[in-house]
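Summary of the model geometry
Spelled out, the chains give:
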Amino acid sequence: MEPFVRITAIAAPLDRPDVDSDMLIPQRFLRRPLADGYRNFLFYNDRFDANGKEKPDFVLNREPYRRARILVTGANFGCGSAREGAVYAVVDFGIRAVIAPGFGPFYAGNSYQNGLLPVVLPDECVRELREQLHAAPGAEVTIDLPSQTVTGPDGRQYRFDIEPSRKERLLAGLDDIAVTERYAAELDAFERRHDAEMPWLAHLDFGK
Amino acid sequence: METPKTMFEKIWSRHVVAQRDDGETLLYVDRNFVHEGPFYAFDGLRRDGRRIRRPLKQIAVSDHYLPTVGRKSGIAGIADPDIRTMIERLAVNAREFGVPFIGIDDPRQGIMHVVGPELALAQPGMIITGADSHTTTNGAFGALAFGIGASEVKHVLATQALWQRNPRTLRVTVDGALPKGVTAKDVILAIIAKIGVRGGSGHIIEYAGSTIRAMTMEQRMTICNMSIEAGAKAGMIAPDETTYAYLEGRDHAPRGDLWNKALAVWRTLPSEAGARFDKEVALSARDIVPMVTWGTTPEDALPVTEKVPDPSSAATADERAHIERALRYMDLTPGLPLVEVRVDRVFIGSCTNARIEDLRAAAAVVKGKRITVPAFISPGSTAVKRRAEAEGLDRVFLAAGFEWRDSACSMCVGANGDFAAPGERCASTSPRNFENRQGRGVRTHVMSPPMAAAAALTGKLTDVRTLS
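Quick caveat: nothing in here was measured; it's all calculated off a predicted structure.

In terms of regular secondary structure, chain A is built from eight helices and seven strands. Each principal axis of the C-alpha distribution contributes one length, and for chain A these read about 65 × 45 × 30 Å.

This paragraph deals with the overall build of chain B. A tally of regular secondary structure across chain B gives 15 helices and 19 strands. Taking 468 residues into account, the globule formula puts the C-alpha radius of gyration at 23 Å, and chain B, at 22 Å, falls close to it. Considered along the principal axes of its C-alpha atoms, chain B spans approximately 60 × 55 × 45 Å. Sorting the 468 residues of chain B into buried and exposed places 60% on the buried side. For chain B, the proportion of contacts with a sequence separation of at least 24, taken over those separated by at least 6, is 76%.

Here the focus is the domain arrangement of chain B. Residues and elements named next belong to chain B. By the assigned domains, chain B splits into domain 1 (7-166 + 241-266), domain 2 (168-237 + 271-287) and domain 3 (293-466). Domain 2 puts 16 residues into the contact, and the matching count from domain 3 is 17 residues. Looking at the side of domain 2 that touches domain 3, the elements that each hand over two or more residues are α6 (184-195) and α8 (217-225). Among the elements that line the side of domain 2 that touches domain 3, the one with the most residues is α6, at five residues. Here the residues of the side of domain 2 that touches domain 3 are counted per class, giving five nonpolar, six polar and five charged.

A few words on the pairing of strand β3 (residues 31-34) of chain B. Residue and element names in this part refer to chain B. Residues R31 and F33 line one face of β3 and the alternating positions N32 and V34 line the opposite face, and both faces are buried. In the sheet, β3 pairs with strand β4 (residues 58-61) via three bridges, with the strands oriented parallel. When the sheet's bridge partners are listed, N32 is paired in β4 with Q58. Running through helix α2 (residues 39-48), the crossover from β3 to the neighbouring parallel element β4 is right-handed.

A separate point is the sheet that holds strand β5 (residues 140-144) of chain A. All names here are of chain A. Overall, mixed pairing links the seven strands, which are arranged β4-β3-β2-β1-β5-β6-β7 in an open sheet. Single-partner strands in this sheet number two, and they are β4 (117-120) and β7 (157-159). Sheet twist, expressed as the mean angle between neighbouring strand axes with direction ignored, is 25 degrees. Pairing of strand β6 (residues 149-151) with β7 involves three bridges; the strand directions are antiparallel. Bridge pairing links T151 to Q157 in β7.

A word on the nonpolar core. Counting 203 residues, the largest nonpolar core has I70, V98 and I99 of chain A together with V346, V366 and A452 of chain B as its most contacted members. Residue contributions to this core peak at eight residues, all from α6 of chain B. In this structure, V366 of chain B is in contact with I371, V396, F397, A400, A453, A456 and L457 of chain B, ignoring residues within four places of it in sequence.

This paragraph deals with the sheet that holds strand β9 (residues 168-175) of chain B. Sheet strands pair by backbone hydrogen bonding; their relative direction is either parallel or antiparallel. All names here are of chain B. Taken in spatial order, the four strands of this open sheet run β11-β10-β9-β12, and their pairing is parallel. Strand pairing shows two members of the sheet lacking a second neighbour, β11 (234-236) and β12 (279-284), which therefore form its edges. Adjacent strand axes in the sheet meet at a mean angle of 20 degrees when their direction is disregarded. Summarising the sheet, β9 and strand β10 (residues 203-208) pair through six bridges and their orientation is parallel. In the strand pairing of β10, T173 is matched with A208. Contacting β9 and β12, α6 crosses the sheet at an angle of about 130 degrees to β12.

Moving on to helix α15 (residues 449-458) of chain B. Every α-helix carries 3.6 residues per turn, so stepping three or four residues along brings you back to the same face. All names here are of chain B. Of all the ten residues making up α15, nine are buried; the element is thus mostly covered by neighbouring parts of the structure. Listed in full, the buried residues belonging to α15 are P449, P450, M451, A452, A453, A454, A455, A456 and L457. Those residues of α15 that are buried lie in contact with β13 (291-293), β15 (345-348), α12 (356-366), β16 (375-377) and β18 (425-428).

On to the interface of chain A and chain B, then. The interface is formed by 47 residues belonging to chain A together with 56 residues belonging to chain B. Breaking the side of chain A that touches chain B down by element, the ones donating at least two residues are α1 (21-24), α4 (107-112), α6 (164-172), α7 (176-180) and α8 (184-197) of chain A. Broken down by element, the residue count for the side of chain A that touches chain B peaks at five residues, all from α8 of chain A.

With that out of the way, let us pick up the pairing of β9 of chain B. All names here are of chain B. With α6 bridging β9 and the parallel β10, this β-α-β connection has right-handed handedness. With six bridges joining them, β9 and β12 adopt parallel strand pairing. By the bridge assignment for β12, D175 is matched with S284.

Moving on to the confidence of the model for chain B. Here chain B averages 97 in pLDDT, while 100% of its residues score no lower than 70. Two numbers describe this predicted complex: its pTM, 0.96, and its ipTM, 0.94.

To continue, consider the environment of C125 of chain A. Secondary-structure assignment places C125 of chain A in helix α5 (residues 123-135). Of the residues examined, C125 of chain A has 19 C-beta atoms within 10 Å and is grouped as partly exposed.

This part takes up the environment of I83 of chain B. Residue placement: I83 of chain B occurs in helix α3 (residues 81-97). Overall, the presence of 21 C-beta atoms within 10 Å leaves I83 of chain B in the buried class. On a C-alpha basis, the gap between I83 of chain B and L66 of chain B in space is 8.1 Å, while along the polypeptide they are 17 residues apart. For I83 of chain B, the residues in contact, after removing those within four places along its chain, are R31 of chain A together with Y65, I78, N416 and G417 of chain B.

Moving on: the packing of α2 of chain B against helix α5 (residues 150-159) of chain B. All names here are of chain B. At a minimum axis distance of 8 Å, the contact between α2 and α5 shows a crossing angle of 50 degrees. What the angle tells us is that α2 and α5 run oblique. In the packing of α2 onto α5, the handedness of the crossing is right-handed. On α5, the residues touching Y40, A41, G44 and L45 of α2 are A150, V153, K154, L157 and A158.

With that out of the way, let us pick up α6 of chain A. Residue and element names in this part refer to chain A. Every buried residue belonging to α6 is among R166, R169 and L170, and all of these are buried. Projection of α6 onto a plane perpendicular to its axis shows the buried side chains occupying an angular sector of 100 degrees, all on one side. Looking at the buried positions of α6, the neighbouring elements they touch are α4, β4 and α7. Two residues or fewer after α6 comes G173, characterised by a positive phi angle close to 65 degrees.

What counts as what
- Residues numbered from 1 in each chain as written.
- Chains lettered and ligands numbered in written order.
- Predicted model: local features only at pLDDT ≥ 70, side-chain atom pairs only at ≥ 80, totals over all residues.
- Helix = DSSP H or I, 4+ residues; strand = E, 2+ residues; numbered from the N terminus.
- Rg over C-alpha atoms; globule rule 2.2 N^0.38 Å.
- Buried ≥ 20, exposed ≤ 12 C-beta atoms within 10 Å, placed from the backbone.
- Contact = placed C-beta atoms within 7 Å.
- Domains from an automatic or database assignment.
- Nonpolar A, V, L, I, M, F, W, Y, C, P; charged D, E, K, R; others polar.
- Pairing = 2+ DSSP bridges.
- Right-handed = clockwise from strand over helix to strand, strands pointing away.
- Axes fitted to C-alpha atoms, helices over the stretch in contact; angles between N-to-C directions.
- Core = buried A, V, L, I, M, F, W, Y, C linked by C-beta atoms within 7 Å.
- pLDDT = per-residue confidence, 0-100.
- Parallel < 35°, antiparallel > 145°, perpendicular 65-115°, else oblique.
- Left-handed = near helix turned anticlockwise from the far one by under 90°.
- Arc of directions from axis to C-beta.

Put into structure tokens, the structure is as follows:
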């Protein structure tokens, strides 16, 4: 996993709230191997018409946003399904961070697993950022993970919260399994006790 | 005296493997469900040279990609090579990693959130994960059950545990008797319409109150199933005699001494009197009427007796923008009575509403009548299908003009290619009305099985209570 430390990049404003999993990547592409490039399926129904031709008005189809590496959007981004393809598509497009007033129940968790930084800022701050981006298309935003700050085009800084463990893993590009392996002894001991306490859960006898 | 605890706190604390200073908890997982979708997780294990820590705490069920017609010819009969590969790949992964597997020709096959409860793979007090947002269905048994993405699936497969942060708790209390024609689907749609699609955000919901207590397990499953549509990670209902009666004797329920031991633990689970929830919401069942969605998120639900909302009456600019966009997509005019909205097609199926009681309720509406628009039924599981056939429901549906298909996720999500035609308007018993979910430009109206059956008869959104 690519570590995340600091980026300064073009940020694309996407104004609508409740961007759902099916918008991010329609179900029919989830049977495709990752090698097909999930960036091609990102926002498919909004980016392409019925003949597969680009819709010129969609933000990520317009210059300079085709090169955006940060997305600034509305509340509840990525709501709906647990499909991780909704993160793979964003990451494969080149986006490294999404700034929103909030995320759907799975989106932030799935993002961390793939080196995508979900930044939660208050609604009015996100709105302010989007307004600046609309006013000056191609303006850059800086996200610095060590200091937990977003710097807008006007130089204004916004501090964001992140769980220390998440931050540590993103900075190091570590995945969760590597961290969990440090708890092998605790896991073994817990499992023995738990299986003894609730023996009916210890094994699934599937008879095959 | 100890502080009274919620059911959630009791289940959570029983599963804490380790806790970090920053509050992150390593939680043990009792059961993990996978379908064809998260193949990335198995690929990842293979890439890392890892095995599954506890293969017999997993269960793989083919549901998303299975066809609902032509199943007799098996996997070989599936025309689309990508879909066939998805189905075969799950079978190969299950075999290679030693995971119990329910495939296309297994009599236990069905949608995993229907099959799990049927086989008593979901039980009170468990932590259950699944590679699907509607894993919340299992919370109906007094379990903490939630969906996870493919990377977390890989983590659970490798470690049987998951890093989580303590969520907040929300209790939704529904009291009173359900009026005639009002179902569990109407109750959960009314809840989501009240609290919104972000109302459960960051929370675990516990559903309580006399309405919930009086519900069957199948109704409770419909309620918990849609917790995710309110933005909640999970929904749960305290186990009681209804729960135990449902579980006893099912395939994987504990037996003999173990049953008694399990029962003793399960009886300690319900939230204690005076337990504190971070948020409380209350509804009166008496006020709930049959609901339909008019827009593109599950909170866009109204009593069927209402009219299409007017953006100019929105309370905020954001709400106004949402209504305008939703009405544009849905091709609806403000002020139009909902019962005047014509539909092109009806789908009765999905993990929300395709259990035997749902099919009975739909059959009761169409018995002896003819439907006027194309409609099909995909039962929640093969067992539900067989049971319905034993009760003669298939003949009722066929005589009315429905197609009677096999069990899969089907037109809820379209993974198997079951889509409505572009731009069609579909009355659906599924949980979600997102744009393009049931096909390109397809306009989905979510409702209960009897309401969907009524729409099939009239070709319009219809108040099932007005049918003679």
